[in-house]
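The primary structure of each chain is shown beneath.
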Amino acid sequence: MKIGVISADSASESRVALTPDAVKKLRKLGFEVVIQSGAGQAAYYADELYQAAGADIANSSTEVVTQSQIITTVNDLPAPVTEHLTAGQVVIGMLDPYRNSQLDTYAVKGATAFAMELLPRTLSRAQNMDVLSSQANLAGYKAVLLAANEYSRPFPMFMTSAGTVKPAKVVILGVGVAGLQAIATAKRLGAVVEASDLRPTAREQVESLGGKWLDVPMSAEEAETAKSTGGYAWTPSEQYVKDQAAVVDKALSNADIVITTAQIPGRNAPRLVHGATLAKMKAGSVLIDMAAGTGGNVEGSVPDETITTANGVRIVGAANIPSQLAAQSSDLYANNLVNFITTLIAPAATDDASVNTLALNLDMNDEIQGALAVTHDKQVRLAKR
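Read on for a plain summary of the structure.

Criteria and cut-off values
Residues numbered from 1 in each chain as written. Predicted model: local features only at pLDDT ≥ 70, side-chain atom pairs only at ≥ 80, totals over all residues. Heavy atoms only, no water. Buried < 20%, exposed > 50% of the residue type's maximum accessible area, 1.4 Å probe, protein only. Helix = DSSP H or I, 4+ residues; strand = E, 2+ residues; numbered from the N terminus. Pairing = 2+ DSSP bridges. Right-handed = clockwise from strand over helix to strand, strands pointing away. Contact = heavy atoms within 4.5 Å. Polar contact = N/O pair within 3.5 Å; in protein donor to acceptor, adjacent residues only side chain to side chain. Lys, Arg positive; Asp, Glu negative; His and termini not counted. Salt bridge = Lys/Arg side-chain N within 4 Å of Asp/Glu carboxyl O. Axes fitted to C-alpha atoms, helices over the stretch in contact; angles between N-to-C directions. Parallel < 35°, antiparallel > 145°, perpendicular 65-115°, else oblique. Left-handed = near helix turned anticlockwise from the far one by under 90°. Nonpolar A, V, L, I, M, F, W, Y, C, P; charged D, E, K, R; others polar.

### A few points about the pairing of strand β2 (residues 32-36)
(1) Moving on: Burial runs high along β2: four of the five residues are buried.
(2) Moving on: Pairing of strand β1 (residues 2-5) with β2, which is carried by four bridges, proceeds in the parallel orientation. Within the sheet, the bridge partner assigned to glycine 4 lies in β2 and is valine 34.
(3) Moving on: Between β1 and its parallel partner β2, the chain crosses via helix α1 (residues 20-29), and the hand of that crossover is right-handed.

### Quick look at the pairing of strand β10 (residues 192-196)
(1) Moving on: For β10, the buried fraction is high: four of the five residues fall into the buried class.
(2) Moving on: When strand β9 (residues 169-173) meets β10, the two strands line up parallel, connected through five bridges. Within the sheet, the bridge partner assigned to valine 170 lies in β10 and is valine 193.
(3) Moving on: In this sheet, strand β11 (residues 212-213) lies alongside β10 in parallel orientation, the contact comprising two bridges.

### Side note on the environment of valine 165
(1) Moving on: With respect to the helices and strands, valine 165 occurs in strand β8 (residues 163-165).
(2) Moving on: Among the residues examined, valine 165 registers a relative accessible area of 27% and is labelled partly exposed.
(3) Moving on: The spatial distance from the C-alpha of valine 165 to the C-alpha of phenylalanine 155 is 9.3 Å, given a sequence separation of ten residues.
(4) Moving on: Residue contacts for valine 165: discarding those within four places in its chain leaves Pro154, Pro156, Met157 and Phe158.

### Digging into the environment of aspartate 76
(1) Moving on: With respect to the helices and strands, the residue aspartate 76 is situated in the loop between β4 (70-72) and α4 (79-82).
(2) Moving on: Remark: the alpha-carbon pair of aspartate 76 and glycine 174, spanning 98 residues in sequence, is separated by 27 Å.
(3) Moving on: Once you skip the residues sitting within four places of it in the chain, aspartate 76 turns out to touch Met94, Leu95, Asn100, Gln102 and Tyr106.
(4) Moving on: Among the polar contacts made by the side chain of aspartate 76, one reaches the side chain of glutamine 102 at a distance of 2.7 Å.

### Let's talk about the side chain of aspartate 47
(1) Moving on: Position of aspartate 47 among the secondary structure elements: in helix α2 (residues 47-53).
(2) Moving on: One buried charged residue, aspartate 47, remains without a salt bridge, the closest side chain of opposite sign being lysine 2 at 15 Å.
(3) Moving on: Leaving out residues up to four positions away in the same chain, aspartate 47 has contacts with Ser37, Gly38 and Ile57.

### Examining the sheet that holds β2
(1) Moving on: Strand order in the open sheet made by the eight strands is β3-β2-β1-β4-β5-β6-β18-β19, with mixed pairing throughout. Of all strands in the sheet, those with a lone pairing partner are β3 (56-58) and β19 (379-380), marking the two edges.
(2) Moving on: Summarising the sheet, strand β6 (residues 112-115) and strand β18 (residues 373-376) pair through two bridges and their orientation is antiparallel. Note that in β18 the partner of phenylalanine 114 across the bridge is alanine 373.
(3) Moving on: The strands touched by helix α12 (residues 326-341) are β1, β4, β5 (90-93) and β6; relative to β5, the strand with the most contacts, the crossing angle is about 145°.

### Section: the side chain of serine 133
(1) Moving on: Structurally, serine 133 can be placed in helix α6 (residues 131-150).
(2) Moving on: Judged by relative accessible area, serine 133 falls into the buried class, the value being 18%.
(3) Moving on: Among the polar contacts listed, one links the side chain of serine 133 to the side chain of aspartate 130, at a separation of 2.6 Å.
(4) Moving on: Leaving out residues up to four positions away in the same chain, serine 133 has contacts with Arg121 and Val177.

### Concerning the environment of threonine 112
(1) Moving on: Position of threonine 112 among the secondary structure elements: in strand β6.
(2) Moving on: Exposure remark for threonine 112: the relative accessible area of 5% places this residue in the buried category.
(3) Moving on: In this view, threonine 112 contacts Gln89, Val90, Val91, Leu362, Thr375 and His376; residues no more than four positions away in its chain are not counted.

### Considering the packing of α6 against α12
(1) Moving on: At a minimum axis separation of 9 Å, α6 and α12 run at an interaxial angle of 165°. Judged by the angle between their axes, α6 and α12 are roughly antiparallel. As for how α6 packs across α12, the hand of that crossing is right-handed. Every residue of α12 that contacts α6 at Val131, Ser134, Gln135 and Leu138 is listed here: Gln328, Ser329, Leu332, Tyr333 and Asn336.
(2) Moving on: Residue classes in the contact of α6 with α12 are distributed as four nonpolar, five polar and no charged.

So, in structure tokens, the structure goes:
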């Protein structure tokens, strides 16, 4: 069985779906691998490294598709590539399923498409396949470095003969994987860090990393509900949302750096920072909007652009931060894919015990496969949001 690797659009994506180390792992499992020439170049993986790992090199994406039963990609396949799919093939990648206009094409072609973003993150056996966590962890780290590069002052406090340099005040909005890594990185650089999240239960994680929790008063009933649900299924009251907005507005007015991380799969990112708050911020302060590619947490942010407001606030639309750490993010992503691919195969029946033959074992009743499959058996399986 052969696995193919498609080259991403180098103008917007530097990652590659499989690395040479991942190819070695797949070869040990019995797979053959073919990779489009230059697919790993932007992540510093040359064709020669893939060949040394046992992969074949194809001159075009069409060659990869026609040779492969499983096709791996970072993002959705380009439309011209999708047209070459045939029945029974499998596509695996971060397919942005709720915004993907090609799902009908996948279904018509008879391909089974797996969107890695849909992984049930509560399953313990799925943790090593969690692409959102592996990429967000790196993104949270890099976001702080981007902010440090944009900010005109240092992060840590300095005691000098010419005077004391005050530490930067950093506010993190959204305390998921990316937010927690951003807190840890900003603290290591010497900043004073505050954080907020709609989940009150995130407070303990923030404080364990040395951050200050932006506390919002809540009723005893709300506190008990939030605690019993772990925060994830908790629906805050209108008053709580209003009170949180006031607390965040005050913190941002005094902040030097703001990093926003909130994204909702299949929907536009929630607006966390409005124009009225931006107008109160200090000249030279920096906002890193990690959700710029899905609508933006910050009013006025533009994907892949840096905007300076009339009062001197810099808004960085960081649409694809993991691509800026392409070598490491590709490595982690490839490991996620290898771990998932192992759930799709079973030894094929053969009379020759010495022959290592693999067969696809697609099972939509499996809790992982069933959750990730957005097309199968010529049907679109994804419920619309």
